[in-house]
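Chains, contacts and geometry: an overview
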Amino acid sequence: MYIKPVYPLKIVLLWTRKYIYFFFLLSVVPVLLFDVVGLKWLYLPWLPIGLVGTSLAFITGFKNNASYERLWEARKIYGGIVNASRLLATMSNDFITNEFARTVRTDNEFLKIKKVIIMRHVAWMTSLRHALRVKKPWEINKEQMKTVDVAEHKISLEEELDGYLDKDEKEFVLSMTNKQAACLNLQSRHFKELKSEGLIDVFRHMEFKNMIGELFSLQGKVERIKNFPYPRQFATLNLFFIWIFIILLPFGMMHEFHEIGLVMAKDENTSFLNRLVAEHFVWMTVPISIIISWVFMLMERVGDVSENPFEGSRNDVPITTISRAIEIDIREIIGDDKKDIPKPFQNTADTEM
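Residues numbered from 1 in each chain as written. Predicted model: local features only at pLDDT ≥ 70, side-chain atom pairs only at ≥ 80, totals over all residues. Heavy atoms only, no water.

1. Observations concerning helix α2 (residues 17–36)
- Its 20 residues give α2 an end-to-end C-alpha distance of 27 Å, which sits within 8% of 28 Å, the value for a rise of 1.5 Å per residue.
- Looking one or two places after α2, you find Gly38, whose phi comes out positive at around 95°. (Helix = DSSP H or I, 4+ residues; strand = E, 2+ residues; numbered from the N terminus. Expected span 1.5 Å × (residues − 1).)

Next up, the structure:
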């Protein structure tokens, strides 16, 4: 995720450079035909094009709002995962005791039990991360993804689960289609075993089961965002309308700038050089068309890169960094050895954070 105050103009221009080249061609060709070839009839009235541009601004704004809602909802859900994870660690600390135990356990034995629960929870977050990073057909941010290092694309889930699950549990999770759900299934079985051993009573077991339900709910929410795209009919129509507007734009502006040039050229006090510029003032169509086209296309592209918040680009929810921060928090809560706790990821503008 990009965390600096603003994107440098250089990066924005590089990001849209292919479109700028195309906008240049789209604006230069009509002006050449109009001013050099002499096809003075080759223009359109500005009013209908202006109406299209106004309508397009509302449509693009709607798309960007919807895309931002998807992004912000994803961040709120991961905020819920942060809170639920900390609560799970606190419950593991306070609920698992010798109060109802059939066999008294030592503090070291309790630490091992709590660590199994917490490490399995980290395995759940890890499995969920990898599921959310799977590429979908509608995720289109391919150019930017070439310059971003996504941890889930470089390290396999099998490698990442090492140290979080024992051999049997790891084989069980990897054999399942929904691996994150398999982790919660294992967690639920473990709580049942703790209840049968008297390490938690019925009420505490119910609270742990409620926590499993909350984690399933949060998992389902992020899976919904990942697996259901922004409706393609809206995205397609918006893109078509923008290109129609961009293509028509220079035809509507040529006549306006030509008329301004004629007015300037009629001024008797105007110098020869200024009169020459005025006669060809229609060429102002090129830079102005490029700027207006760039603004509309930039708004369209911002909506595109915001609608898939788990793709892994610089504008997405930083689930890798969030998951690492959660792991550090919950392992510290249960009193795990600080030497074994991993370090947080570095926050940089050029990597997923």
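2. Some remarks on helix α9 (residues 179–196)
- An ideal rise of 1.5 Å per residue puts 26 Å on 18 residues; α9 measures up with 26 Å between its terminal C-alpha atoms.
- Looking at α9, one finds that the buried residues are Gln180, Ala181, Ala182, Cys183, Leu184, Leu186, Gln187, Ser188, His190, Phe191 and Leu194.
- Here the buried face of α9 lies against α3 (46–95), α4 (107–132), α8 (167–175) and α10 (202–227). (Buried < 20%, exposed > 50% of the residue type's maximum accessible area, 1.4 Å probe, protein only. Contact = heavy atoms within 4.5 Å.)

3. Things to note about a nonpolar patch on the surface
- A surface patch of nonpolar side chains, amounting to about 500 Å² of accessible area, comprises Ile59, Leu237, Leu239, Phe240, Phe241 and Ile244.
- Tracing the backbone through its elements, the reader meets Leu239 in helix α11 (residues 232–265). (Patch = residues over 30% accessible without salt bridge, like charges linked within 9 Å, V, L, I, M, F, W, Y side chains within 5 Å. Areas by Shrake-Rupley, 256 points an atom, 1.4 Å probe, with all protein chains shown as cover. Salt bridge = Lys/Arg side-chain N within 4 Å of Asp/Glu carboxyl O.)

4. Quick word on the packing of α3 against α4
- Relative orientation of the contacting elements α3 and α4 amounts to 165°, with a least axis distance of 9 Å. Between α3 and α4, the angle is such that the two are roughly antiparallel. Note that α3 runs across α4; the crossing there is right-handed. Of the residues in α4, those in contact with Tyr78, Ile81, Ser85, Leu88, Ala89, Ser92 and Asn93 of α3 are Lys114, Ile117, Ile118, His121, Trp124, Met125, Leu128, Arg129 and Leu132.
- Split into classes, the residues belonging to the contact of α3 with α4 amount to 10 nonpolar, four polar and two charged. (Axes fitted to C-alpha atoms, helices over the stretch in contact; angles between N-to-C directions. Parallel < 35°, antiparallel > 145°, perpendicular 65-115°, else oblique. Left-handed = near helix turned anticlockwise from the far one by under 90°. Nonpolar A, V, L, I, M, F, W, Y, C, P; charged D, E, K, R; others polar.)

5. Description of the environment of Leu237
- Examined against the element boundaries, Leu237 turns out to sit in helix α11.
- In the structure, Leu237 is positioned 178 residues away from Ile59 in sequence and 9.4 Å away in space, judged by C-alpha atoms.

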